[in-house]
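If you want the building blocks of each chain, they are given just below.
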Amino acid sequence: MSSAAAYAVSAPDGAFEKVTIERRELGPHDILINVAYAGICHSDIHTARNEWGGAKYPCVPGHEIAGTVAAIGTAVTKHAVGDRVGVGCMVNSCGVCASCLADQEQYCLRGATMTYNTAVDPEVQAEGHTMGGYSTQVVVTEDFVLAIPEGIGLDVAAPLLCAGITLFSPLRHWGAGPGKKVAIIGMGGLGHVGVKIAAAMGAEVTVLSHSLSKQEDGRRFGAQHYYATSDKQTFRELRGRFDLILNTVSADLPIDSYMRLLGLDGTLVILGLPENPLSVRSFTVAGFRRSLAGSMIGGIAETQEMLNFCAQHGIGAEIELISADEIDSAYERVVASDVRYRFVIDAATI
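The structure presented is a predicted model; accordingly, all values stated were derived computationally and were not measured. (Residues numbered from 1 in each chain as written. Predicted model: local features only at pLDDT ≥ 70, side-chain atom pairs only at ≥ 80, totals over all residues. Heavy atoms only, no water.)

Visitor: Could you clarify how one ought to interpret the overall build of the chain in this entry?
Guide: When you go through the chain residue by residue, the secondary structure sums to 11 helices and 17 strands. Against the 2.2 N^0.38 benchmark of 20 Å for 350 residues, the chain shows a C-alpha radius of gyration of 20 Å, consistent with a compact globule. On the principal axes, the C-alpha backbone points of the chain span a range of 60 × 40 × 35 Å. Counting over 350 residues, the chain shows a buried share of 53%. (Helix = DSSP H or I, 4+ residues; strand = E, 2+ residues; numbered from the N terminus. Rg over C-alpha atoms; globule rule 2.2 N^0.38 Å. Buried < 20%, exposed > 50% of the residue type's maximum accessible area, 1.4 Å probe, protein only.)

Structure follows, in structure tokens:
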């Protein structure tokens, strides 16, 4: 075992404190990573505050991790010491089920091992739960370590390991590209990256946001159109307009109204996770053969494809860099939607 400094919370209503945690010894296929940056995802807040239930404490969140390889196991072939690497939402899966064999580890039939707050695989570590990237070092099996191309700064690449792949995967799956009209609901930490990626894919991009306060940013990121959903005229004007709508917000929205913005064979994909069930009238779905779908991050191969795509197109997250002692205040600001657009922790301050 080796020791690493980390920031952890010990109860749902607790504050983050600096602690020392133990990382497992390197196995033959393991990689030790010196963390440089760790993004703050809203999922971190939900988990740390036990808003989804089942939180394990002490909790060290963080699944948007960027850094460099410090050491490798004896059988590692995919990365070398000094490589720029990243770790996203998963650190392992069964590797043998139909989903894993299809490079869709996020849908592992036995349950993927998430980067934090998941019981460890007893074949890898005797006991405990995974602890994430709010730390100076992590140990991850090589199959779940991504290469970060030189074309992206490590700080702006960190949020791509969750926010980037969460948007890239459905955009790729549902064929966003030239000739397709794509709408992004919400332009926060997820949505702003989605606008950049969809625009780079060649789609005609529209932002659907509560207000027009971020319109200038939206157009700078590549959106051709920007509408305020607080204006009822928006839903009349855009009815039947889109091929694909991605909902990135976790608020309870009138999904039926958004579904009616889809044209023939259009799809609305749920990415944000609202607390309450969705309500859609059957005629809204059947009338134009519309679909309501969901998506959850992406597999390792697709995440690497996303990173390569973003490097090719100069895409990184818009970030505010913070020190580790600012995590609690950053959480409050995320909840208040007071960030443009993703907080990233400088791990040198841990």
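Visitor: Would you mind showing me how to read the sheet that holds strand E10 (residues 181-185) here?
Guide: Whether parallel or antiparallel, the strands of a sheet pair through hydrogen bonds between backbone atoms. Reading across from one edge, E12-E11-E10-E13-E14-E15 is the order of the six strands in this open sheet, with parallel pairing throughout. Strands at the two margins of the open sheet, each flanked by one partner only, are strand E12 (225-228) and strand E15 (291-294). Each adjacent strand pair in this sheet contributes to an overall mean axis angle of 20 degrees, direction not counted. Inspection of the sheet shows strand E14 (residues 262-270) paired to E15 by four bridges, in the parallel sense. Bridging from a neighbouring strand, Ile270 pairs with Gly294 of E15. Relative to the sheet, helix H5 (residues 191-201) contacts E10 and strand E11 (204-209), its axis offset from that of E11 by approximately 165 degrees. (Pairing = 2+ DSSP bridges. Axes fitted to C-alpha atoms, helices over the stretch in contact; angles between N-to-C directions. Contact = heavy atoms within 4.5 Å.)

Visitor: What is the right way to look at the pairing of E11 in this model?
Guide: Here E11 lies mainly inside the structure; five of its six residues are buried. Where E10 meets E11, five bridges bridge the pair, whose relative direction is parallel. Considered in E11, the bridge of Val182 is made with Val205. Crossover handedness for the path E10 to H5 to E11: right-handed. Here four bridges tie E11 to E12, and the two strands are oriented parallel to one another. Bridge assignment links Val207 to a residue of E12, and that residue is Tyr226. The parallel pair E11 and E12 is bridged by helix H6 (residues 215-221), and the resulting crossover is right-handed. (Right-handed = clockwise from strand over helix to strand, strands pointing away.)

Visitor: Can you help me understand the environment of Trp52 in this one?
Guide: Assignment of secondary structure puts Trp52 in the loop between helix H1 (42-48) and strand E4 (65-72). Setting aside chain neighbours within four positions, we find Trp52 in contact with Ser43, His46, Thr47 and Leu273.

Visitor: Explain the packing of helix H4 (residues 163-173) against H5 here, please?
Guide: Packed helices, taken two at a time, are described by their axes: the angle between them and the distance between them. At their nearest, the axes of H4 and H5 sit 9 Å apart, and the two run at 40 degrees to each other. Relative to H5, H4 is oriented oblique. In the packing of H4 onto H5, the handedness of the crossing is right-handed. Residues Ala163, Gly164, Leu167, Phe168, Leu171 and Arg172 of H4 pack against Val193, Gly194, Ile197, Ala198 and Met201 of H5. In the contact of H4 with H5, the residues fall into eight nonpolar, two polar and one charged. (Parallel < 35°, antiparallel > 145°, perpendicular 65-115°, else oblique. Left-handed = near helix turned anticlockwise from the far one by under 90°. Nonpolar A, V, L, I, M, F, W, Y, C, P; charged D, E, K, R; others polar.)

Visitor: For this particular structure, what's the right way to read the pairing of strand E17 (residues 342-346)?
Guide: The side chains of a regular strand alternate between the sheet's two faces. Of all five residues making up E17, four are buried, and the element is well covered by its neighbours. Here strand E3 (residues 30-39) runs beside E17; their pairing, made up of three bridges, is antiparallel. Within the sheet, the bridge partner assigned to Ala38 lies in E17 and is Ile345. Of the strand pairs in this sheet, strand E16 (residues 319-322) and E17 are connected by four bridges, and their pairing is parallel.

Visitor: Honestly, the nonpolar core in this entry has me stumped. Any pointers?
Guide: Soluble, globular proteins show a tendency: their nonpolar side chains are buried together. Of all hydrophobic cores here, the largest spans 94 residues; its most connected members are Tyr134, Leu171 and Ile197. With six residues, the single largest contributor to this core is helix H10 (residues 300-312). With residues up to four places along the chain from it excluded, the contact list for Ile197 reads Gly164, Phe168, Leu171, Phe309, Cys310 and Ile315. Counting residues in hydrophobic clusters, the runner-up holds 15 residues, among them Ala183, Leu208, Leu261 and Leu268. (Core = buried A, V, L, I, M, F, W, Y, C linked by side-chain atoms within 4.5 Å.)

Visitor: Is there a simple way to explain the packing of H4 against H10 in this structure?
Guide: Relative orientation of the contacting elements H4 and H10 amounts to 100 degrees, with a least axis distance of 10 Å. As summarised for this structure, H4 and H10 are arranged roughly perpendicular, according to the angle between their axes. Judged by residue contacts, Gly164, Ile165, Phe168, Ser169 and Arg172 of H4 engage Glu302, Thr303, Glu305, Met306 and Phe309 from H10. Grouping the constituent residues of the contact of H4 with H10 by class yields four nonpolar, three polar and three charged.

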